[in-house]
Amino acid sequence: MNKYMSIAALIFLLAASPVRGAEVPLYKDAAAAPAARAADLLGRMTVEEKFGQLQQLDGLWEGNYREEHLKLAREGKLGSTLNVRTAPFANTLQKEAVENSRLGIPVLFAFDVIHGYRTIFPVPLGESAQWDPLLAEAAASAAAEEAYSVGLKWTFAPMVDIARDPRWGRIVEGSGEDAYLGSRLAAARVRGFQGSDYGAPGKVMACAKHWVGYGAAEAGRDYNSTDISESALRNIYFPPFKAAVEAGVPTFMTAFNDLNGVPSTANKRNIAGVLRSEWGFKGFVVSDYTSVKELILHGLAADGEDAAVKALSAGVDMEMVSTLYRETGPAALAAGKISQADLDASVLRVLELKFRAGIFENPYIDPALEAKTLKTPEKLALALNAALKSMVLLKNEGALLPLDPKLKKVAVIGALADSRADMLGSWSADGKPADAVTLLEGIKEAVSPVTWVSYSSGAFAGATDKDLDKAVAAAAAADVIIAAVGETFDLSGEAASRVSLALPGRQLELLERLKKTGRPVVAVVFNGRPLELGWLNDNIPAILEAWQPGTQAGSAVAQTLFGKSNPGGKLPVTFPRSVGQVPIYYGHRNTGRPPDAKEKYTSKYIDSSFEPLYPFGYGLSYSSFAFSGLAVSPASIKPDGKVQVSFEVKNISRRSGDEVAQVYIKDEAGSETRPVRELKGFQRVTLAPGEARVLTFELGPAELGWHYAGGFAVEPGRFKIYAGSSSVGGLEASFEVKP
Ligand code: GLC
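Quantities reported herein were computed from a predicted structural model and do not represent experimental measurements. (Residues numbered from 1 in each chain as written. Predicted model: local features only at pLDDT ≥ 70, side-chain atom pairs only at ≥ 80, totals over all residues. Heavy atoms only, no water.)

A. Focus on the pairing of strand 16 (residues 542-545). Where burial is concerned, the two faces of strand 16 agree: the one with A542 and L544 and the one with I543 and E545 are both buried. With four bridges connecting them, strand 11 (residues 392-396) and strand 16 associate as antiparallel partners. Looking at the pairing, V392 lines up with E545 of strand 16. Two elements, strand 15 (residues 521-526) and strand 16, share four bridges in a ladder whose sense is parallel. Bridge pairing in strand 16 links V522 to A542. Traced from strand 15 through helix 22 (residues 534-539) to strand 16, the parallel crossover comes out right-handed. (Buried < 20%, exposed > 50% of the residue type's maximum accessible area, 1.4 Å probe, protein only. Helix = DSSP H or I, 4+ residues; strand = E, 2+ residues; numbered from the N terminus. Pairing = 2+ DSSP bridges. Right-handed = clockwise from strand over helix to strand, strands pointing away.)

Below, the structure written as structure tokens:
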């Protein structure tokens, strides 16, 4: 019998249990088991109250509730809100639900705390470039503390959608293109938000989103249809969600997209089937914003009631913002279109999580907590470290970097160098631009008192010739030009897909003119997606990928440029030469005619290289590292066996630095073609000058296996192992799997 004992059995048990007088009902007994409390409470609820618990409504952006929320809360018909936050608003609304409604069921307060609440960390794509799950966990933990302090108990994060199309604006919100890296980071972020008990103070419930396949939007156009093979679902798109479940995520959010013709918000096979029956997920599923109602536009539902029936019966427990469950549910139930069992199962899941979240016992937030929790020195220090670790050095010709802090004249060019909001990126919750350190401020802080720092805004959208002339003139006399280029925060994120990956505005034109000054140029790229940096790679001696680094942006970039910090990040996503190559990713299949520039009839382009500009896993350092001594043992294993992979990484430079050692496999032959490489292990290590370290990885069925049509298996045959500093090259060895 599953965890939710049959409702009848539970209610019978409760009815038979000795009642100590006519006092506290079981659901109010904090010592009772959440499932039992939920069953007791369910038995006391009306149909309208049940549908009300499945309703999440949207507050006002500044955190206030809407007047209708007070009434619904009093009527016990408001299960949850998004965007309502801070003690004055949350406590007032909560009081109506807890003290002035019939059953006193508290409201669950949720918000999009994606990469920080007030202290903003690098955007998730930038955080993923750290290749440091412990650091990602620490950032999520800090974000949870801040979110909790303003009355929130649920965040709509981590976003774990695999994305291989940089035209899609939401690539910024995830961990890039790889299932293994994405899985490790999904689990880390869940652990960070929740700790060992999401009901504890300072912790919030996490939410794995968007279930599923959202990142495969056709043409990179947000909300667009997706067609994903079973193999790609099982091996690429599902794994980060499975990792989140195994890390204890208690909620999922469905995606906007239709998947192979069935919208994810009514996809019974993936919700009731894969998520619940196969994976044993016990939490609850919330729709995305009005995605229940959008089933009508998709052409799946004939009307509102049909949409509610299809979503609820598919296993979507809570409806975000649209109100079809509440408005059409009772009649659909009476007509038998919604089963009592489905309704009660959804309500039980929501109630049980509310008990586990502790909001029955602690429904209110201490108004004094916020001031003590937000932007503490510890959180700001963590945000700086996170930003430093997210930096990816793409090019450093002639070791131009790090720069000498005693340089006489530094010209800082580009509006992004003096922008605060753009440093926070999209989904920056209650992050305040005023809190952000600009690159210009960071540089002034990093250089010596005798260094003259000039600034010119350069060439963003709408820049005039005069703007460019002014910028070039300012640069011409400098010892070094630091050009801040890339995207503003609103050019990526939700509903921000682009057909072009070029630098917006006249930035490239400006860079061409800056190059003509003959002065050394360092390009700092602020962006929420891979951009076309080919001209920069051919013409600019030093390029630092900074993403959108958050509150401590300027300090992190400047400390990296002037050598106080040594960049060690690696790309979590491939950078194409051209948008025409998209989708392009390292884990592609070999085809029967692998690309060969020398052979005509092979899989390539006649007008461009088939290679990416920068591959997945790539990143330089001010240090240099050597890999040697790859050993794989034993030489052959059974399908359920494990191999030990070891090799040495040595810092062969005179400067301490980080390297991210990466381990890939290639299954040479099997009943399905496998990617040319699959990441199956990584470790970021800090090595002193001359220091060598032997790293060891164990690869077993979980790493070697693949979801084939016949199920998950490690098929016999030869496997290659690669160990190196990116998804290209590296040391190579092989072993056999024998039946
Ligand atoms: C948005 C997003 C989702 C977010 C939700 C609530 O449309 O798709 O990621 O959590 O609505 O803001």
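B. Seen up close, the domain arrangement of the protein chain. What the domain assignment lists for the protein chain is domain 1 (379-581) and domain 2 (625-737). Just the C-alpha atoms count here: the centres of domain 1 and domain 2 sit 34 Å apart. Facing the nine residues of domain 1 at the interface are nine residues of domain 2. Summing the contributions of domain 1 and of domain 2, the shared interface buries around 640 Å²; its carbon and sulfur component is 38%. One can count one salt bridge joining domain 1 with domain 2. (Domains from an automatic or database assignment. Contact = heavy atoms within 4.5 Å. Buried area = accessible area lost by both parts, 1.4 Å probe. Salt bridge = Lys/Arg side-chain N within 4 Å of Asp/Glu carboxyl O.)

C. Local environment of the confidence of the model for the protein chain. Per-residue confidence for the protein chain averages 96 on the pLDDT scale, and 97% of its residues sit at or above 70. Scored below 50 in pLDDT, residues 1-5 makes 11 contacts in the model with residues more than four places away or belonging to other chains. This model gives residues 15-21 a pLDDT under 50, and the stretch forms one contact once residues within four places in sequence are excluded. (pLDDT = per-residue confidence, 0-100.)

D. Quick peek at the pattern of salt bridges. Under the definition given, this model contains 47 salt bridges. Residue R349 is joined to D317 by a salt bridge in which the shortest nitrogen-to-oxygen separation is 2.9 Å. Here D317 lies in the loop between helix 13 (304-314) and strand 10 (319-320) and R349 lies in helix 15 (residues 340-356), a separation of 32 residues in the sequence. The burial state of R349 is the same as that of D317; both residues are buried. What you see here is one network of salt bridges that share partners, running through E230, R234, R269 and E278.

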